[in-house]
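Each chain, letter by letter, is given below.
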Amino acid sequence: MFKRWILVILLLALTSGALLAGGVFYIYQTVEKLDIQQLSVQALPPTVFYDQQEQPLTELTLAKTEPIDFQDIPQHVMQAVVATEDRRFYDHLGIDWIGILRAGWVNFQAGQVLEGGSSITQQLVKNAFLSSERTMDRKIQEAFGAIQVERTYSKDQIMTLYLNTIYFGEGAWGIQRAAQTYFGKDARDLTLAESALLAALPKAPNHYSPFKDRERSLERRNLVLRLMEESGYITPAERTEASKVPLPETKHDLSRNIDHPSFVYHVFRELKQRYDLNEDQVWNGGLKIYTTLDRSLQKNVENIYANDQFFPVSPDQVPAQSGAAIVDVKTGEIKALMGGRGEMPYLGFNRATDLRRQPGSTMKPLVVYGQALEQGFTPASMLYDQPLNIAGYQPQNWDRRFRGEVTLAEAIHKSWNVPAVWLLHEIGIDKGMNFASKLGIPFEKDDRVLPVALGGMKQGVSPLHMAQAYAAFANGGLWNEAHTIRFISDYDDQDIAVWEPQPHQVMKKETAHLMTYLLQGVIESGTGARAAINRPTAGKTGTTQLSPALAATTQGLTDAWFVGYTPQLATAVWVGYDTTDKNHHLPTDGGKYSAGLWKAIMEQAHKDMQLAAFPPPPAWKSPVVPAAKQVQQEQPKKEPKNEKAQKKQEEKKKKENEKKKRKDDDD
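Summary of the structure given here. Bear in mind the structure is a predicted one, so any value in this text is a computation, not a measurement. (Residues numbered from 1 in each chain as written. Predicted model: local features only at pLDDT ≥ 70, side-chain atom pairs only at ≥ 80, totals over all residues. Heavy atoms only, no water.)

## Regarding the overall build of the protein
Looking only at helices and strands, one finds 24 helices and 14 strands in the protein. Across the 667 residues that make up the protein, the buried fraction comes to 50%. Sequence separation of 24 or more characterises 71% of the internal contacts of the protein that already satisfy a separation of 6 or more. When the accessible surface of the protein is split by element, carbon and sulfur atoms take 51% of a total near 33,400 Å². (Helix = DSSP H or I, 4+ residues; strand = E, 2+ residues; numbered from the N terminus. Buried < 20%, exposed > 50% of the residue type's maximum accessible area, 1.4 Å probe, protein only. Contact = heavy atoms within 4.5 Å. Areas by Shrake-Rupley, 256 points an atom, 1.4 Å probe, with all protein chains shown as cover.)

## So, the sheet that holds strand 14 (residues 569–576)
Here five strands make up an open sheet; going across it, the order is 5-4-14-13-12 and the pairing antiparallel. Two strands in the sheet have a free side with no partner beyond their single neighbour: strand 5 (334–338) and strand 12 (538–545). The mean inter-strand angle of the sheet, taken between neighbouring strand axes irrespective of direction, is 5 degrees. Here eight bridges tie strand 4 (residues 321–328) to strand 14, and the two strands are oriented antiparallel to one another. The partner of Gly 323 across the bridge, within strand 14, is Trp 574. Most of the contacts of helix 19 (residues 463–474) go to strand 13 (residues 557–565), to which it runs at about 35 degrees, and overall it touches strand 4, strand 5, strand 12, strand 13 and strand 14. In this fold helix 20 (residues 509–525) packs onto strand 12 and strand 13, with an angle of close to 65 degrees to the strand it touches most, strand 12. (Pairing = 2+ DSSP bridges. Axes fitted to C-alpha atoms, helices over the stretch in contact; angles between N-to-C directions.)

## Examining the side chain of Thr 362
Its location among the elements puts Thr 362 in the loop between strand 5 and helix 15 (364–374). Each residue touching Thr 362, except ones within four places of it in the same chain, is listed here: Met 466, Tyr 470, Lys 540, Thr 541, Gly 542, Trp 561 and Val 563.

## Some details on the packing of helix 14 (residues 295–305) against helix 22 (residues 591–605)
Axis separation between helix 14 and helix 22 bottoms out at 9 Å; the angle between their running directions is 150 degrees. Judged by the inter-axis angle, helix 14 sits roughly antiparallel to helix 22. Seen from above, helix 14 lies across helix 22 with right-handed handedness. Only Leu 597, Ala 600, Ile 601, Gln 604 and Ala 605 of helix 22 make contact with helix 14, whose side of the interface consists of Leu 297, Asn 300, Val 301, Ile 304 and Tyr 305. Taken together, the residues of the contact of helix 14 with helix 22 sort by class into eight nonpolar, two polar and no charged. (Parallel < 35°, antiparallel > 145°, perpendicular 65-115°, else oblique. Left-handed = near helix turned anticlockwise from the far one by under 90°. Nonpolar A, V, L, I, M, F, W, Y, C, P; charged D, E, K, R; others polar.)

## Details of the pairing of strand 4
By the criterion of burial, strand 4 is predominantly enclosed, with eight of the eight residues buried. Here strand 4 shows no split at all, with Gln 321, Gly 323, Ala 325 and Val 327 on one side and Ser 322, Ala 324, Ile 326 and Asp 328 on the other all buried. Two elements, strand 4 and strand 5, share four bridges in a ladder whose sense is antiparallel. The residue bridging Ala 324 from the neighbouring strand is Met 338, located in strand 5.

## Re helix 18 (residues 429–438)
Because the α-helix completes a turn every 3.6 residues, residues three or four places apart line up on one side. Residues of helix 18 that are buried: Ile 429, Gly 432, Met 433, Phe 435 and Ala 436. End-on, the buried residues of helix 18 take up no more than an arc of 155 degrees, which puts them together on one face. Against helix 15, helix 17 (417–427) and helix 19 lie the buried residues of helix 18. Positive backbone phi, approximately 95 degrees, marks Gly 440, located one or two places after helix 18. (Arc of directions from axis to C-beta.)

## Structural notes on the environment of Leu 337
Position of Leu 337 relative to the elements: it lies in strand 5. Given a relative accessible area of 0%, Leu 337 falls into the buried group. Between the C-alpha atoms of Leu 337 and Val 327, which are 10 residues apart in sequence, the distance is 9.0 Å. Look past the residues within four positions of Leu 337 in its chain and what remains in contact with it is Ser 262, Phe 263, His 266, Gln 298, Ala 324, Ala 325, Ala 352 and Thr 353.

## Overview of the packing of aromatic side chains
For the coordinates displayed, the defined rule picks out 18 aromatic pairs. Taking 5.4 Å as the distance between ring centres and 65 degrees as the angle between the ring planes, the aromatic pair formed by Tyr 305 and Phe 311 counts as edge-to-face. Note on accessibility: Tyr 305 and Phe 311 belong to one class, buried. Taken together, the aromatic side chains of Phe 49, Tyr 265, Phe 268, Trp 283 and Tyr 346 make up a single cluster linked through ring pairs. Above the ring of Phe 89, the side-chain terminus of Lys 155 is found at 4.5 Å from the ring centroid. In this structure, Arg 403 packs its charged tip against the face of Trp 416, placed 3.7 Å from the ring centre. (Phe/Tyr/Trp six-rings, centres within 6.5 Å; stacked < 30°, edge-to-face > 60°. Lys NZ or Arg CZ within 6 Å of the ring centre and 35° of its normal.)

## Quick word on the pattern of salt bridges
Applying the stated criterion across every chain yields a total of 28 salt bridges. The salt bridge partner of Arg 357 is Asp 559, with a shortest N-O separation of 2.6 Å. Remark: Asp 559 occurs in strand 13 and Arg 357 occurs in the loop between strand 5 and helix 15; sequence separation between them is 202 residues. Bridged by salt links that share partners, the residues Asp 72, Asp 186 and Arg 188 form one connected network. (Salt bridge = Lys/Arg side-chain N within 4 Å of Asp/Glu carboxyl O.)

## Structural notes on the packing of helix 15 against helix 17
The axes of two packed helices give the description: the angle between them and the distance between them. Running from N to C, helix 15 and helix 17 point in directions that differ by 55 degrees, and their axes come no closer than 10 Å. Judged on the interaxial angle alone, helix 17 and helix 15 are oblique. In the crossing of helix 15 with helix 17, the sense of the turn from one axis to the other is left-handed. Residue-level inspection shows Lys 364, Val 367, Val 368, Tyr 369, Gln 371 and Ala 372 of helix 15 in contact with helix 17, the latter providing Asn 417, Pro 419, Ala 420, Leu 423, Leu 424 and Ile 427. Partitioned by chemical class, the residues of the contact of helix 15 with helix 17 number nine nonpolar, two polar and one charged.

## Some words on helix 20
Compared with the 24 Å implied by 1.5 Å per residue over 17 residues, the 24 Å span of helix 20 between its first and last C-alpha is a close match. Among the residues making up helix 20, those that are buried are Thr 511, Ala 512, His 513, Leu 514, Met 515, Thr 516, Leu 518, Leu 519, Gln 520, Gly 521, Val 522 and Ile 523. Buried residues in helix 20 make contact with helix 15, helix 16 (408–413), helix 19, strand 12 and strand 13. (Expected span 1.5 Å × (residues − 1).)

## Considering unusual backbone geometry
For Leu 347, which is not glycine, the phi torsion reads 50 degrees and is therefore positive. Residue position: Leu 347 is located in the loop between strand 5 and helix 15. Positive phi is not limited to glycine here, since Ala 391 has a value of about 55 degrees. Examined against the element boundaries, Ala 391 turns out to sit in the loop between strand 6 (382–385) and strand 7 (404–407). Among the residues examined, Ala 391 registers a relative accessible area of 86% and is labelled exposed.

Shown next as structure tokens:
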């Protein structure tokens, strides 16, 4: 009987031992599969945007930590962590058996798991590869993993890896982000007192945060200082002095607001549209994106938009809005963008590029007068300015008056509407729209109507569309696509993509020079006088009226534009409200705001630029016959079929015939 019991006990012992050995072997095999080498694999560096001077503009990364090198970690930080977390760190081989026995005794007395007894190396393994549950399996995995780590890395490397990955609370992972969050400085600049506070946090970050419980945080910080003294890292005097240092009062936000969002967010869109690089790829890091941004100009534009004097006063908290785009006329490079007033949400609506508004009379040079000049019209050509009715469409001049006939130059300078509509009808609406399309103006099918001569469009345009289009006039008819990216490379400076300019000659040089001459007159003696700056400039005003329903109850404007250029830069500015209603619209003189903004922007843009002149316009013939006959000679088509005008023309012809007959009779 006794022997039988002995046999049973032996069998149970052997079975238990086998199960234990099998379990340990299984856990060991699991740990063996851990890729310990991954600990030293650095995350991709942040994606960096550069300005036109190739100076860093902003950095973007999704990495929650910001790793630093061992030499950038102060000695006090490492000493504080060792004294608090793992006193025998430099003596054990990954497992602190004394610490484990202590934790086991505490847990036995409490009847539950209160302490883990894990070494710094074990915590590194847990944070990198394992869950945070307190089970025997996980503890064994920790132990085997720690041994492997100690075989692979030096103590200094392990300490660096640990401090770069642990959580310090308040959203800060790693010692660098922690130093920035709690003290607004880099880790290398931490003092003894600051190092002690950070070393106090990993045990229970939310519990010991000075921003949540200052008394508890101070007590914990001073405990770390005492442990450092007991370990021989600091003297009693150093401990006393550091204990007197107050805790930080204010958390430093590391949300990393992006500088110049109006420009940078458009770069995001260009990366996706032209280079098939999506948002995640950019944020994941490892890219260098060299942009066209003139940082000084961008800052100046932002300062202008922060000045309320440039905008109409709103009756409530809804401000008048605006968008602006500045483009290099020779290259199409976008030098600055302003997407609106106030804070711009991440990848939010950008009024410089996303806006679609009717451009008013700024469309006339693009859809009417440019094509007319191509077809041989000159500044001296006489245009019809009488009551007009074309298939029921009856345009009016802004002053509700007619002048019979005006020169093309006057029609542009004074922004008369009737001559523009008549001329578009004469040259052909398809030809006019095709000319504007070559300049990058987007049209809908419904836009093929005569009101397009005055900017009447279903969707409309953005400031960037207009700046890009007008730039071709300044560039001798050579059109360049507007863009923000010069080239993209990886962190080894290997090119990923390079902007390849593809300029198009979209009009005759003579046309471009004549248009510039005409638009100079708009500023010198026409509707754009408010935009004049102390250098050669050309440009056009544009406004749009309130809807008939609103116009019946109030007076004002919906949109105000100014688009213009110098020999160096083209700029388009829009001003208006996001939603126009009875209380939110521009005053009747709203054009002064778009012109004023344009002037302020261009003065800043050119303050360090050398004065440059436009090429002289080609010579043209002045009319040498009566105006009515001049129109007929240049435009052999019939006059518009307006009953009153046609009757007047017939009466005039009858009188001329009678006069000729009398003369023949006299002869």
